[in-house]
Every structure is written in structure tokens, then in C-alpha cells.
Amino acid sequence: MYWSIGNYINTDLRSSGQVTYGSEILATLSQQLTRDFGKGYTYSALTRMCKVAASFNRTNIATLSQQLSWSHLIELSAVEDVTKQEFYTQLCVYEKWSVRQLRKKTDEMLFERTAISAKPETTIKLSLEKLKTKSEINTELVFKSS
């Protein structure tokens, strides 16, 4: 539901020109949603919904929401590089990290310290796809580079 709200704001409202005032429309929308549906629609919550919707497409979010919590998705949406985000997402699912563990791994720059980070992007994507589809982990995804 939160992804759908963020997606609606990102696509429908912004494409129709209704989000021309930036934060003002989110503040107004926040007040309306809170009045109509209760708490949980603060300005910061709406900005997080928009960020998660911008980071994950409908297909990905349907699968990921079965495996990760909303808090996981918020943390992952903060990772701006798409390859790094996919790395953390797949390892988070595979190793069943808590949100605290995910935050620690990103803060410690796990991706940059693994052997795979020095490989070409196509190699990284292939390894991540194999982990995602076959649950086969490439040793370079977990071993640190020297």
C-alpha cells in the first residue's frame, strides 16, 4: 500500500503537474490523508513512500514485500547506486538480515570491501541474478578483497 501511495505521488501527481510546489503538496496531502485515514501519513512518511516507489518497480516490490519489511525497503532505497542496492537487497534476503544488520552492513561499506566490487558490472549482475533465482552464492559476494 505504501509503495502504491508513493508511486501515485511520483507518477500521477507529478506528471499531471500537481506537484509543482514540491514539499507544499506533500504537506497538504499529509494533512488530508491523516484526517481521512488516521496517523501514519506524516510528511516524512510520504517522502519515504515516494523514495521507495522510485527505487523499486511494481514487480520487484511485490516479491520483496513478501521477504522484507517496510523498514528494510526504506533502508535499501537510501542506497543510490543500483548495483549496490541490488547487492544489499539480495544478500539481505538470502542471509535474512534484520534492519539493524542491514544498516550495519551498508555503514561498513560491505559491497566496496567484497571481492566482487572490483569486477565488471555485468559480472556482478550475473552473480546477483544467480543468487536471486537459484540461491547459489558466488564466493566473491561474501569474501573480502585483499
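See the structure printed just above.
All of these numbers come straight from a predicted model, not from anything done at the bench. Every chain's residues receive numbers from 1 upward, in the order its sequence appears when written. Residue-level local features of this predicted model are given only where pLDDT is at least 70; pairs of side-chain atoms are given and counted only at 80 or more, and the full residue set underlies all totals for whole chains, interfaces and linings. Side-chain metrics rest on all non-hydrogen atoms present in the structure, leaving aside hydrogens and water.

A.B. asks: Run through the layout of surface pockets, naming residues and quoting values.
C.D. replies: Residues are called lining when one of their atoms sits within 4 Å of a cavity or pocket point, these points coming from a 1 Å grid over the protein atoms alone, where a cavity is a set in which a 1.4 Å probe fits but cannot get out and a pocket is an open set with protein on both sides within 12 Å along at least five of seven lines. Grid points are joined across faces, edges and corners, and a volume is the space filled by probe spheres set on the points. Estimates place the volume of the largest pocket at around 280 Å³. Taken together, 16 residues make up the lining of the largest pocket; nearest its centre are L64, E86, T89, Q90 and K132. For the purposes of this entry, the term helix denotes a DSSP run of H or I that reaches at least four residues, the term strand denotes a run of E that reaches at least two, and both are numbered from the N terminus. Examining the composition of the lining of the largest pocket, we find that 7 residues originate from one element, helix α6 (residues 82–95), more than from any other. Grouping the amino acids of the lining of the largest pocket by side-chain chemistry returns 6 nonpolar, 8 polar and 2 charged. Throughout this entry, Asp, Glu, Lys and Arg are counted as charged residues, while Ala, Val, Leu, Ile, Met, Phe, Trp, Tyr, Cys and Pro are counted as nonpolar. The remaining residues, Gly among them, count as polar.

A.B. asks: Report on the environment of Y2, specifying residues and quantitative values.
C.D. replies: Within the element layout of this structure, Y2 appears in helix α1 (residues 2–15). Not counting chain neighbours up to four residues away, the residues in contact with Y2 comprise Y41, M49 and W70. By definition, residues are in contact when any of their heavy atoms lie within 4.5 Å.

A.B. asks: Break down α6 for me, citing the residues and quoting the values.
C.D. replies: By this rule, a helix spans an expected 1.5 Å times one less than how many residues it contains. Between its first and last C-alpha atoms α6 spans 20 Å; for 14 residues at 1.5 Å apiece the expected length is 20 Å, and the two agree. Taken residue by residue, α6 has T83, Q85, F87, Y88, T89, Q90, L91, C92 and V93 as its buried positions. Whenever a nitrogen or oxygen atom comes within 3.5 Å of another N or O atom, the pair is scored as a polar contact, on the condition that within protein one atom can donate a hydrogen and the other can accept it, and that pairs from neighbouring residues in sequence are kept only if both atoms are in side chains. A side-chain oxygen of the first residue of α6 lies 3.1 Å from the backbone nitrogen of T83; this N-cap is D81. K96, located one to two residues past α6, shows a positive phi value of around 55 degrees. Burial classification: accessible surface area is computed with a 1.4 Å probe over protein chains only, and a residue below 20% of its type maximum counts as buried, one above 50% as exposed, and the rest as partly exposed.

A.B. asks: Residue-level account of the side chain of Q85, with values.
C.D. replies: Structurally, the position occupied by Q85 is in helix α6. Those residues in contact with Q85, other than ones at most four positions away along the chain, are S55, F56, L76, S77 and V79.

A.B. asks: I'd like a rundown of unusual backbone geometry, residues and numbers included.
C.D. replies: The backbone phi angle of K96 is positive, close to 55 degrees, even though this residue is not glycine. By the element assignment, K96 lies in the loop between α6 and α7 (99–107).

A.B. asks: So, the environment of I137: which residues are in play, and what are the values?
C.D. replies: Tracing the sequence through the fold places I137 in the loop between α9 (121–134) and α10 (139–142). Taking the relative accessible area as the measure of exposure, I137 reaches 32% and is therefore partly exposed. Once the C-alpha coordinates of I137 and L91 are considered, the two residues, 46 residues apart in sequence, prove to be 9.2 Å apart. Apart from residues lying up to four places away in sequence, I137 is in contact with L91, Y94, L131 and V142.

A.B. asks: Which residues make up the nonpolar core, and what values do they have?
C.D. replies: Only buried residues count toward a nonpolar core, which is a set of Ala, Val, Leu, Ile, Met, Phe, Trp, Tyr and Cys residues joined through side-chain atoms within 4.5 Å. Counting 25 residues, the largest nonpolar core has V52, F56, F87, Y88 and W97 as the members making the most contacts within it. Taken together, the elements giving at least two residues each to this core come down to α3 (43–55), α4 (58–67), α5 (70–77), α6, α8 (110–113) and α9. Apart from residues no more than four positions distant in its own chain, Y88 is found in contact with L76, V79, W97, L102, K105, T106, M109, L110, F111 and E112. Counting residues in hydrophobic clusters, the runner-up holds 11 residues, among them I9, L13, A45 and C50.

A.B. asks: Mind laying out the packing of aromatic side chains, listing which residues take part and the relevant values?
C.D. replies: Aromatic pairs are defined between Phe, Tyr and Trp rings, using the six-membered ring for Trp, whenever the two ring centres lie within 6.5 Å; interplanar angles under 30 degrees are classed as stacked, those over 60 as edge-to-face, and all others as tilted. For the structure on display, the rule yields 4 aromatic pairs. Arranged with centres 5.2 Å apart and planes meeting at 80 degrees, the rings of F87 and Y88 form a pair that is edge-to-face. Residue F87 is classed as buried on the basis of its relative accessible area, which comes to 0%. Through a chain of ring-to-ring contacts, the aromatic side chains of F87, Y88 and F111 assemble into a single cluster.

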